[in-house]
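In case you want the letters, here they are:
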Amino acid sequence: MSLETEVASLKLKHPVMNASGILGNSPGGIVRLVKLGFSAVVTKTITPEPKTGFKPPIIVELPTGGLLNAVGLANPGKSVIKDLVGTAKKLGIPIIVSIGGRFENEFVDVAVEAEKSGANALELNLSCPHAKGYGIELGSDPVKVKNIVKAVSSVISIPVLAKLGLTDKIIESSGKALEAGAKGLVLINTVKAMYIDVFTLRPVLTARYGGLSGPPIHPIAVRVIYDVYKEYTADIIGVGGVCDWTTAAEFIAAGAKAIQIGTALMTNEGIVNEVLNGLKKWIQYHNVKSIKELVGTAHKI
């Protein structure tokens, strides 16, 4: 019985990694992620220059479940990459550097620095829903997705993953990313949403809009992964609302070779082991030898 998996040429001892934005912004955060048991670590999205983001409040727990956040891609800039990668290397764990930008040259700038520092792979953030000029504004345009992925893939040799968010063109954008050289896809990012305080009659977040994460978006992510896998049989990392082993297993059955956990980690630091123990029992239940045999099985029924 094996939990080993391989996605976009990355060989992992099991399929569970952290989602970008969760503890991946400092060497200390990398150490903590490793101690929590992830098979690979993903950095916070890094832009060429430091970015301050929005003023508080930037995150709110919703009465309907899940979180709404608008950090604004706050990060210390590309100078931090060397220390983040170096820490992961010392601990013997693969590290995926998440990068962001407004233009092709900004993505390329950070990508080159990440490869030079020894990163194992790149995750292109083409889906942040609350930073103007970044993320979803790029990912919703299949042509821009293709151009950015092609620009990065043409100058580096490590695997490129395109992280895409919910748009009406996500299937087309996925195809363009793969066509342009992406070795895999990360599906999905948080979903653009809003929460209004009915007493002040104002949006709670200073940015007004934020990214909805956690269990409320999980069925959406399952559907997207299922549709994209059906169309392209691509290497997919599933993210969005994983809170136990069954939600992780859903992603795998839909077509994901690995999964990322974000929001759930904020309230349950033991979730990695819980998910892995559940997946082991799931493998036994289906009488197979490896988690790899269960990838995309929902398409065979």
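The rules behind these values
The numbering scheme is per chain: residues are counted from 1 as the chain's sequence reads. Local features are withheld for residues below a pLDDT of 70 in this predicted model, meaning they are given only at 70 or higher, and side-chain atom pairs are given and counted only at 80 or more; totals for whole chains, interfaces and linings count all residues. Side-chain metrics rest on all non-hydrogen atoms present in the structure, leaving aside hydrogens and water. Helix and strand assignments follow DSSP, with helices taken as H or I runs no shorter than four residues and strands as E runs no shorter than two, numbered in order from the N terminus. A helix is expected to span 1.5 Å for every residue after the first. Contacts between residues were defined by any pair of non-hydrogen atoms, one from each residue, lying within 4.5 Å. Relative accessibility decides the category of a residue: with a 1.4 Å probe and only protein chains considered, values under 20% of the type maximum give buried, values over 50% give exposed, and everything between is partly exposed. Any two strands with at least two DSSP-identified bridges between them are counted as paired. The patches described consist of residues with a relative accessible area above 30% and no salt bridge, like charges being joined within 9 Å and nonpolar side chains (Val, Leu, Ile, Met, Phe, Trp, Tyr) within 5 Å. Computed with the Shrake-Rupley method and a 1.4 Å probe, the accessible areas treat only the protein chains shown as cover for residues. Any Lys or Arg side-chain nitrogen located within 4 Å of an Asp or Glu carboxyl oxygen qualifies as a salt bridge. Here a polar contact means two N or O atoms within 3.5 Å. Within protein one must be a hydrogen donor candidate and the other an acceptor candidate, and residues neighboring in sequence count only if both atoms are side-chain atoms.

**Q** Please set out helix 3 (residues 104-117) residue by residue, giving values where relevant.
**A** The first and last C-alpha atoms of helix 3 sit 20 Å apart over 14 residues, in line with the 20 Å expected at 1.5 Å per residue. Looking at the buried residues of helix 3, the elements they touch are helix 2 (81-90), strand 7 (95-99), strand 8 (121-126), helix 4 (136-139) and helix 5 (142-153). Of the residues flanking the end of helix 3, it is Gly 118, one or two places downstream, whose phi is positive at about 105 degrees.

**Q** Before we move on, could you go through the pairing of strand 11 (residues 191-194) and cite the residues and values that matter?
**A** Of the two faces of strand 11, the one lined by Val 191 and Ala 193 is fully buried and the one lined by Lys 192 and Met 194 carries no buried residue. Strand direction decides the pairing type here: strand 11 and strand 14 (residues 209-213), joined by four bridges, are antiparallel. Counterpart to Val 191 in the pairing with strand 14 is Leu 212.

**Q** Talk me through a nonpolar patch on the surface; I want residue IDs and the actual numbers.
**A** Where nonpolar side chains cluster on the molecular surface, the patch consists of Met 194, Ile 196 and Tyr 209 and spans about 270 Å² of accessible area. Mapped onto the fold, Tyr 209 is located in strand 14.

**Q** Lay out the environment of Ser 290 with the relevant residues and their values.
**A** With respect to the helices, strands and loops of the structure, Ser 290 is situated in the segment after helix 9 (271-285). With residues near it in sequence (within four places) discarded, Ser 290 still touches Ser 2, Glu 4 and Ile 283. Looking at Ser 290, its side chain comes within polar contact range of the main-chain nitrogen of Lys 292, at 3.1 Å.

**Q** Account for helix 6 (residues 170-179), with residues named and values stated.
**A** What sets the pattern is the α-helix's 3.6 residues per turn: residues three or four places apart point alike. Within the sequence span of helix 6, burial applies to Ile 170, Ser 173, Ser 174, Gly 175 and Ala 177. If you follow the buried residues of helix 6, they end up packed against helix 4, helix 5, strand 9 (160-164), strand 10 (184-187) and helix 7 (218-232). The first or second residue beyond helix 6 is Gly 181, which carries a positive phi of 120 degrees.

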